[in-house]
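Each chain, letter by letter, is given below.
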Amino acid sequence: MVCENIEMREAIIDGKQSERKLFFAGQDTVELAAKYGTPLYLMDEDRIRRNCRVYKDAFEKHFGPGSYPLYASKAGSFIRLYEIMSEENMGIDLVSSGELYTALQAGYDASRAYFHGNNKTDFDIRFGIESGVGCFVADNAEEVLAIEREAAAYEKRLADEGAEQNAEFENKEVATGCKSFKQKVLLRITPGIDPHTLEAVATGKVDSKFGNAIVTGQAEEITLLALDQPHIELMGFHCHIGSQIFTEDVFEQAAEIMLEFIAHIERSHGFKTRELNLGGGYGVRYVEDDPYLDVNEKIGEVAEVINMTCRRLGIERPAIHMEPGRSIVADAGMTLYTVGGVKRIPGYKNYVSVDGGMADNPRFALYGSKYTCLLAGKGGNATDAVSGANAADAASGANAADAASDSNSGDAASDTNEANADETFVCSVVGRCCESGDIIQENVELPANVERGDILAVCTTGAYNYSMASNYNRLPRPPIVMLRGGNEDYVAVRRESLEDIVRNDVRNKA
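Residues numbered from 1 in each chain as written. Predicted model: local features only at pLDDT ≥ 70, side-chain atom pairs only at ≥ 80, totals over all residues. Heavy atoms only, no water.

1. Notes on the overall build of the chain
Turning to step 1, where the next piece is worked out: Secondary structure summary: the chain contains 13 helices and 22 strands in total.
Turning to step 2, where the next piece is worked out: Considering the chain as a whole, with its 510 residues, one finds that 53% of them fall into the buried category.
Turning to step 3, where the next piece is worked out: Of the contacts made within the chain by residues no fewer than 6 positions apart, 69% connect residues no fewer than 24 positions apart.
Turning to step 4, where the next piece is worked out: If you sum the accessible surface of the chain, you get close to 22700 Å²; carbon and sulfur atoms cover 47% of it. (Helix = DSSP H or I, 4+ residues; strand = E, 2+ residues; numbered from the N terminus. Buried < 20%, exposed > 50% of the residue type's maximum accessible area, 1.4 Å probe, protein only. Contact = heavy atoms within 4.5 Å. Areas by Shrake-Rupley, 256 points an atom, 1.4 Å probe, with all protein chains shown as cover.)

Set out below in structure tokens:
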């Protein structure tokens, strides 16, 4: 299986019949679908905690005190997830006031949060400062100046409140007064690296919309601007180079380039960097062809390059942060759907449609993302399916065989109820939205007797599914059910109702 928390289990029925059932995080997916309905997001809480600890242990081993990972909220953001991050002592990064508000509602300590984004509004900055966000990651010069203005205004408000409090004291010698305020900031820098990942998720190149390029001199310019602001405490620098990185040494390349820039700034301007954030991007296995990644080993390799480069440049190693998001929650997720229809177009293509689609998982529509699809429940049987990526080579042959069978019989030959469960056919798994591009995965090999009412599972959906979900076609978003301990399940996010769909609509009757 693509992840170790997924398995097919054999069961004996009436002492003679063998039934194969799909289990996720130790629990029967068909039973979960029956209990909660579909579409249904499942999240393996134990896997999330395990992934957090892998990163934390690696940072402690290779970087020591002061360096730690930050969970990248954009991968998945809801209250229970921030509660887990707090319980696991993970830092977090945020990219919106909505993510910050969600974290605050979970009781998360905002002083351990880093606020990202290339276009923070004045409200975002004000809300972040007032909420006690530990550090802003500033993307551009306008933002630096906006942070300075909001920090100065916040200091004035504190002073005014302090003056009011002081007026209540008869003995002015015990008046509290007001301390000055400085907002901690990292500056986002583009090191100019092509990570060889999908163009849409490559963020470290010189012409990226994010950050300030070193080679153009803009990185140095924004550094001097930040150092000149009285209400900004510059802590260091941030970069992010892309996503789904496995064997490439791009983190090592980025670290070396960033440290050379840090050394230049220290020599030229006397600023000693205290923090270097290398962003996120380590890959996860969506299909069997994806490689396994040893996080501890990879972070050890990055640490070795950082330590060696710092020695070569004669600088003190700053605290190191990274921002895993996908690799914390992706393989902790699975989505369950109910099959609504099977369409065979002789000589052309086959479709299996489900009761979800691009509204709850837009990643194929956006990026052509690969997924592993499994048939979890089939008339008492649970049968493996093959990931779309791995079935692609067999697609033309399988479709041709289907077409030949159909044409020779002179009718729609194979009633799906009568098809042998050992036979397979290649299809596109598609959603219910009114869009031809509403596709979950192409070239998926499923049992030939798949039919309406079967439960279909899509693996590794814990990242960028719920967080990117929409109400397109006025479809309610699915619930999130957390699984733990192999036998416990509970709702973390409720299923949206039809009433929720119109909750913010305003009636305007003449």
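2. Some thoughts on helix H3 (residues 79-87)
Residues lying three or four places apart along an α-helix face the same way, a consequence of the helix completing one turn every 3.6 residues.
Turning to step 1, where the next piece is worked out: For H3, every residue scored as buried is listed here: Arg80, Leu81, Tyr82, Ile84 and Met85.
Turning to step 2, where the next piece is worked out: Phi turns positive, to about 60 degrees, at asparagine 89, one or two residues after H3.

3. Thoughts on the side chain of glutamate 148
Turning to step 1, where the next piece is worked out: Inspection of the secondary structure assignment puts glutamate 148 in helix H6 (residues 141-167).
Turning to step 2, where the next piece is worked out: Buried charge glutamate 148 goes without a salt bridge, the closest partner of opposite sign being lysine 182 at 8.3 Å.
Turning to step 3, where the next piece is worked out: Apart from residues no more than four positions distant in its own chain, glutamate 148 is found in contact with Gln229, Pro230, His231 and Ile232. (Lys, Arg positive; Asp, Glu negative; His and termini not counted. Salt bridge = Lys/Arg side-chain N within 4 Å of Asp/Glu carboxyl O.)

4. Some thoughts on the state of the cysteines
Turning to step 1, where the next piece is worked out: Under the definition given, this model contains 0 disulfides.
Turning to step 2, where the next piece is worked out: In this structure cysteine 427 is not part of a disulfide, and its nearest cysteine sulfur, from cysteine 373, lies 8.0 Å away. (Disulfide = S-S within 2.5 Å.)

5. Details of the nonpolar core
Turning to step 1, where the next piece is worked out: One finds Ile48, Met85, Leu187 and Leu278 to be the most contacted residues of the largest nonpolar core, which totals 103 residues.
Turning to step 2, where the next piece is worked out: A per-element tally of this core places helix H8 (residues 250-269) first, with 10 residues.
Turning to step 3, where the next piece is worked out: Listed in part, the 21 residues of the second largest apolar core include Ala25, Leu40, Met334 and Leu336. (Core = buried A, V, L, I, M, F, W, Y, C linked by side-chain atoms within 4.5 Å.)

6. Some remarks on the packing of helix H4 (residues 97-105) against helix H5 (residues 122-130)
Turning to step 1, where the next piece is worked out: Running from amino to carboxyl end, H4 crosses H5 at an angle of 25 degrees, the nearest separation of the two axes being 10 Å. When the axis of H4 is compared with that of H5, the two are roughly parallel. H5 is crossed by H4, and the crossing has left-handed handedness. Here Ser97, Leu100, Tyr101 and Leu104 of H4 lie close against H5, whose contacting residues are Phe123, Asp124, Phe127 and Gly128. (Axes fitted to C-alpha atoms, helices over the stretch in contact; angles between N-to-C directions. Parallel < 35°, antiparallel > 145°, perpendicular 65-115°, else oblique. Left-handed = near helix turned anticlockwise from the far one by under 90°.)

7. A closer look at the pairing of strand S5 (residues 68-72)
Turning to step 1, where the next piece is worked out: Across the 5 residues of S5, 4 count as buried, placing the element largely inside the fold.
Turning to step 2, where the next piece is worked out: By the bridge criterion, 2 bridges tie S5 to strand S13 (residues 319-322) in an arrangement that is parallel. Bridge pairing in S13 places proline 69 opposite methionine 322.
Turning to step 3, where the next piece is worked out: Of the strand pairs in this sheet, S5 and strand S6 (residues 91-94) are connected by 3 bridges, and their pairing is parallel. Within S6, the position partnered with leucine 70 by the bridge is glycine 91.
Turning to step 4, where the next piece is worked out: In this view, the connection linking S5 to its parallel neighbour S6 by way of H3 has right-handed handedness. (Pairing = 2+ DSSP bridges. Right-handed = clockwise from strand over helix to strand, strands pointing away.)

8. Quick look at the pattern of salt bridges
Turning to step 1, where the next piece is worked out: As enumerated under the stated definition, the model contains 29 salt bridges in all.
Turning to step 2, where the next piece is worked out: Among the salt bridges present, the one from glutamate 87 reaches arginine 49, with a minimum N-O distance of 2.5 Å. On the criterion of sequence distance, the pair formed by glutamate 87 in helix H3 and arginine 49 in helix H2 (residues 45-62) is long-range, its members being 38 residues apart.
Turning to step 3, where the next piece is worked out: For arginine 49, a relative accessible area of 14% puts it in the buried group.
Turning to step 4, where the next piece is worked out: Arginine 126 is paired through a salt bridge with glutamate 150; the nearest N and O atoms lie 3.1 Å apart. One end of the pair, arginine 126, is in helix H5; the other, glutamate 150, is in helix H6, and 24 residues separate them in sequence.
Turning to step 5, where the next piece is worked out: You can call glutamate 150 buried: its relative accessible area is 10%.
Turning to step 6, where the next piece is worked out: Residues joined in a network through salt bridges with shared partners are Glu45, Arg49, Arg53, Lys56, Arg80, Glu83, Glu87, Glu88, Arg484 and Glu488.

9. Re the packing of aromatic side chains
Turning to step 1, where the next piece is worked out: Tallied over the entire structure, the rule returns 10 aromatic pairs.
Turning to step 2, where the next piece is worked out: Ring geometry for phenylalanine 59 versus phenylalanine 63: centroids 5.3 Å apart, planes at 55 degrees, classification tilted. The same class applies to phenylalanine 59 and to phenylalanine 63, which are both buried.
Turning to step 3, where the next piece is worked out: Taking the centre distance of 5.1 Å and the plane angle of 80 degrees together, the rings of phenylalanine 237 and phenylalanine 261 count as edge-to-face. You can see phenylalanine 237 sitting in strand S11 (residues 232-238) and its partner phenylalanine 261 sitting in helix H8, a full 24 residues away along the chain.
Turning to step 4, where the next piece is worked out: According to the relative accessible area criterion, phenylalanine 261 is buried, its value standing at 5%.
Turning to step 5, where the next piece is worked out: The structure contains a cluster of three or more aromatic residues connected by ring pairs, namely Tyr41, Phe78 and Tyr466.
Turning to step 6, where the next piece is worked out: Its guanidinium or amino end placed over the ring of phenylalanine 23, arginine 9 lies 4.1 Å from that ring's centre, counting from NZ or CZ.
Turning to step 7, where the next piece is worked out: Over the ring of tyrosine 68 we find arginine 112; its NZ or CZ atom is 4.9 Å from the centre of that ring. (Phe/Tyr/Trp six-rings, centres within 6.5 Å; stacked < 30°, edge-to-face > 60°. Lys NZ or Arg CZ within 6 Å of the ring centre and 35° of its normal.)

Geometric values such as these leave the question of function open.
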